Amino acid sequence: MKLLFLIFSYLVFAEDYSIQPYAVISDTKMINEGSTLVKSKKYDVLWTLNDSGDTARIFAIDLSGKVIKPQWLKKYNGIKIVDAANIDWEAMTYDNEGNLIIADIGNNYNYRTDLALYKIAEPNPFYADQSGIISKYLIRYPDQKGFPPSPNDMNFDAEAIFYYKGKLYLIAKTRSTTIATIYRFDSLKPWDINIPQVSAKFDFKSMVTDAAVSEDEKHIAVLTYNYVWLFETEDKENPFSGRFYNKEISLGQCEGISFLNNNEIVISNEEGYLFKIKISDLKK
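For every chain, the first residue of the written sequence is number 1, and numbering continues from 1 along that sequence. For this predicted model, a pLDDT threshold of at least 70 governs which residues receive local features, and a threshold of 80 or more governs which side-chain atom pairs are given and counted, while totals over whole chains, interfaces and linings are taken from all residues. Water and hydrogen atoms were dropped before computing side-chain values, which therefore reflect all heavy atoms in the structure.

**Observations regarding the nonpolar core**
Here is step 1: In these notes, a set of buried Ala, Val, Leu, Ile, Met, Phe, Trp, Tyr and Cys residues joined through side-chain atoms within 4.5 Å is what counts as a nonpolar core. The rule is simple: take the accessible area with a 1.4 Å probe, protein chains only, and divide by the maximum for that residue type; under 20% is buried, over 50% is exposed, in between is partly exposed. Counting 33 residues, the largest nonpolar core has Trp47, Ile58, Ile81, Trp89 and Ile102 as the members making the most contacts within it.
Here is step 2: Only β3 (46–48), β4 (57–61), β5 (79–82), β6 (91–94), β7 (100–104) and β8 (116–120) provide two or more residues apiece to this core.
Here is step 3: By residue number, the principal contributor to this core is β4, which donates 4 residues.
Here is step 4: Contacts were defined at the residue level, with two residues in contact if any of their heavy atoms lie within 4.5 Å. In this structure Ile102 touches Leu49, Ile58, Ile81, Trp89, Ala91, Met92, Ala116, Leu117, Tyr118 and Ile120, once residues within four positions along its chain are discounted. Helix and strand assignments come from DSSP, with helices taken as H or I runs of at least 4 residues and strands as E runs of at least 2, each series counted from the N terminus.

What follows is the structure, encoded as structure tokens:
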């Protein structure tokens, strides 16, 4: 089995010799469209979720890709998020208090007026089979005028969120241009409509699919279909104004990125493959 995995990996990812998968998620039937990765702050696991078409649930996998399943359960279906709806879940991150934020912000056709964030207490993946929401935050873009907007302004989809210096950032997945708008929420009001401000714009050269900030907040990683970007925050209010690096990739449809530690990044694609990249390699 291991030999077949290595041969298949070589054939599939032969275009990019510098990055080969080190593992594959053990249950790709259940986690069939993993759209994000978040390294847990409490447990030695990565959190992920499926996007539109799935129920409201999240999954934990260990660093080798094995799905974590509580031993007391006869049948495991992920961790159900009670009182939440998965219209198009695309991202997760942590808030300032260590809660998980689930982002229902997928908006392929740019027509949605029910974009939302859910806050949940991080469940124990070794015992829990469900978790309830603490609060819900409706969000709306300050610069979207039409639902949907004109064909040359289809820039209000998103799959990337992260916290930096206590504030929540969202990066648009633009369809009419490669220049993405980066939004910032200075605060969030539960059960209300929250409108961010435009923080910056940046040309990521392809659609943004996920983002993450290192634990020491010195680096921000942004994933697109064709690139991995690394930004040195330099402790600035605008973390995208400092030095940055990128690496072109050809690893399938990559949707998830997270820092394993302050020196290493993990990436996942929708086929369930996991890849590691060192920060030092990106800076080369």
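Additional details are given in the paragraphs that follow.
**Considerations on the sheet that holds strand β14 (residues 197–203)**
Here is step 1: Spatially, the 4 strands line up as an open sheet ordered β10-β11-β12-β14, and their pairing is antiparallel. In this open sheet, the two edge strands, each paired with only one partner strand, are β10 (157–164) and β14. Between one strand axis and the next, the sheet turns by 25° as a mean value, whatever way the strands run.
Here is step 2: Across 4 bridges, strand β11 (residues 167–173) lies against strand β12 (residues 179–185) in antiparallel orientation. A pair of strands is considered paired only if DSSP assigns at least 2 bridges between the two. Structural elements are reduced to axes, namely lines fitted to C-alpha atoms, with helices fitted over the stretch in contact, and the angle between N-to-C directions of any two is expressed from 0 to 180 degrees.

**As for the pattern of salt bridges**
Here is step 1: Any carboxyl oxygen of Asp or Glu within 4 Å of a side-chain nitrogen of Lys or Arg constitutes a salt bridge here. Scanning the entire structure with this criterion turns up 14 salt bridges.
Here is step 2: In this structure, the salt-bridge partner of Glu234 is Lys236, at a minimum N-O distance of 3.3 Å.
Here is step 3: Look at Glu234 and you get partly exposed, because its relative accessible area is 37%.
Here is step 4: The class for Lys236 is partly exposed, based on a relative accessible area of 31%.
Here is step 5: Linking Glu234 and Arg243 is a salt bridge whose minimum nitrogen-to-oxygen distance equals 3.3 Å.
Here is step 6: Residues joined in a network through salt bridges with shared partners are Glu232, Glu234, Lys236, Arg243 and Lys283.

**Regarding the sheet that holds strand β16 (residues 219–224)**
Here is step 1: One open sheet holds the 4 strands; their spatial order is β15-β16-β17-β18, and the pairing between them is antiparallel. In this open sheet, the two strands that pair with only one neighbour each are β15 (208–213) and β18 (244–248). This sheet shows a mean twist of 15° between the axes of neighbouring strands, independent of strand direction.
Here is step 2: In terms of strand pairing, β15 meets β16 through 5 bridges, oriented antiparallel. Residue pairing across strands places Ala211 opposite Val222, the latter belonging to β16.

**Let's talk about the pairing of β8**
Here is step 1: With 5 of 5 residues buried, β8 lies mostly within the body of the structure.
Here is step 2: Inspection of the sheet shows β7 paired to β8 by 5 bridges, in the antiparallel sense. Each bridged residue has a counterpart across the sheet, and for Asp104 the counterpart in β8 is Ala116.
Here is step 3: Here β8 runs beside strand β9 (residues 130–139); their pairing, made up of 5 bridges, is antiparallel. Bridging from a neighbouring strand, Ala116 pairs with Leu138 of β9.

**Digging into the confidence of the model for the protein chain**
Here is step 1: The pLDDT score gives, residue by residue, the confidence of the prediction method on a 0 to 100 scale. Predicted confidence across the protein chain gives a mean pLDDT of 94, with 94% of residues reaching 70 or more.
Here is step 2: Between residues 1–15, whose pLDDT stays under 50, and residues either more than four places distant or in other chains, the model counts 21 contacts.

**Here we look at the side chain of Asp54**
Here is step 1: Within the element layout of this structure, Asp54 appears in the loop between β3 and β4.
Here is step 2: On the basis of relative accessible area, Asp54 is assigned to the buried category, the value being 16%.
Here is step 3: Any N or O atom pair separated by 3.5 Å or less is treated as a polar contact, with the protein-specific requirement of one donor-capable and one acceptor-capable atom, and with residues adjacent in sequence counted only for side-chain atom pairs. Only 2.9 Å separates the side chain of Asp54 from the side chain of Asn50, close enough to count as a polar contact.
Here is step 4: When near neighbours in sequence (up to four residues on either side) are disregarded, Asp54 contacts Phe59 and Asn86.

**What about unusual backbone geometry?**
Here is step 1: Each neighbour pair has its own omega, and for Phe147 with Pro148 the value is 10°, a cis peptide bond.
Here is step 2: As for its placement among the helices and strands, Pro148 is situated in the loop between β9 and β10.
Here is step 3: Of note in this structure, Asp83 is not a glycine but carries a positive phi near 65°.
Here is step 4: As for its position among the elements, Asp83 is in the loop between β5 and β6.

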